[in-house]
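Summary of structural features
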Amino acid sequence: SLKIENGKTTALVGLSGAGKSTIINLLCKFYEPDSGEILLDGNNLNDFDNDYLRDDLGLVLQKKHIFKGSIEDNIRYGNLDATLDQIKEAATKAYLHEQILDLPDGYNHDATQLSGGQQQRLCIARTVALRPEIILMDEPCSALDPISTLKIEDLIHSLKDRYTIVIVTHNMQQAQRVSDKTIFMYLGDVIEEANTYDLFNHPKHE
């Protein structure tokens with residue numbers, strides 16, 4: 001059992017196989033639990049229409065889904081009705097707008113030519129363009145270099161006041177840097193759940 005609080009950034013931490021990504025898949029209703037229940041605002045998640053639910057869920061995955069085409073089209077993929085101004089607003093929130101303007105073709109630049117860190121920020125901009133209530137991030141920095149990782153962590157900090165964020169990571173230091181609350185998992189069980197500061201400064205488990 002665990003609780004994800006509204007308006008907070010929650011880190012799910014643990015080794016591979018701990019069940020972190022499984023929780024993300026359950027929250028998105030990619031599959032249903034075999035037992036127990038998931039409640040959203042006190043209501044069973046199974047009672048929500050999938051389309052309605054996913055309109056409020058933004059998902060950023062470890063693997064960057066960037067297709068050949070313009071940056072504008074790649075961001076708009078998150079919200080096909082988004083105007084160019086809304087796309088620029090999303091890119092600004094993802095700390096990408098100024099870098100796009102420096103490119104020869106601006107928002108018409110081929111997105112596949114961006115760096116790994118820029119592509120991950122584009123994915124976050126795509127998620128922001130959806131205007132979700134909740135953002136779920138599954139190992140968003142695992143394939144990035146240290147500098148790009150720090151930039152993504154800065155970006156997560158900038159989003160914390162606007163969204164409920166759940167970030168999956170095996171990196172405890174990253175959880176300590178970006179989250180308000182940390183849930184430490186092991187082989188499918190919640191070992192500890194606490195305010196991040198308390199968890200790392202007054203741990204119950206070594």
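Residues numbered from 1 in each chain as written. Predicted model: local features only at pLDDT ≥ 70, side-chain atom pairs only at ≥ 80, totals over all residues. Heavy atoms only, no water.

Let us now look at the packing of aromatic side chains. Under the counting rule described, the total for this entry stands at one aromatic pair. With 5.8 Å between their ring centres and 75° between their planes, phenylalanine 67 and tyrosine 77 make a pair best called edge-to-face. You can see phenylalanine 67 sitting in the loop between strand E4 (57-60) and helix H3 (71-76) and its partner tyrosine 77 sitting in the loop between H3 and helix H4 (84-93), a full ten residues away along the chain. On the accessibility criterion, phenylalanine 67 (33% relative accessible area) is partly exposed. Using a relative accessible area of 55% as the deciding quantity, one classes tyrosine 77 as exposed. (Phe/Tyr/Trp six-rings, centres within 6.5 Å; stacked < 30°, edge-to-face > 60°. Helix = DSSP H or I, 4+ residues; strand = E, 2+ residues; numbered from the N terminus. Buried < 20%, exposed > 50% of the residue type's maximum accessible area, 1.4 Å probe, protein only.)

Position of asparagine 74 among the secondary structure elements: in helix H3. The buried category is assigned to asparagine 74, whose relative accessible area is 0%. A distance of 3.0 Å separates a polar side-chain atom of asparagine 74 from the backbone oxygen of phenylalanine 67. Ignoring sequence-local partners within four residues, the contact set of asparagine 74 consists of His65, Ile66, Phe67, Gly69, Ala111, Leu122 and Arg126. (Polar contact = N/O pair within 3.5 Å; in protein donor to acceptor, adjacent residues only side chain to side chain. Contact = heavy atoms within 4.5 Å.)

The next subject is the nonpolar core. Counting 35 residues, the largest nonpolar core has Ile71, Ile75, Leu122, Ile124, Met137 and Leu159 as its most contacted members. Considering every element that reaches this core, the biggest residue donor is helix H6 (residues 116-129), with six residues. Every residue in contact with isoleucine 71, bar those within four places of it in the chain, is listed here: Ile100, Leu103, Gly106, Tyr107, His109, Ala111, Leu114 and Leu122. By size, the runner-up hydrophobic cluster in this structure holds 17 residues, among which are Ile23, Ile24, Leu26 and Val168. (Core = buried A, V, L, I, M, F, W, Y, C linked by side-chain atoms within 4.5 Å.)

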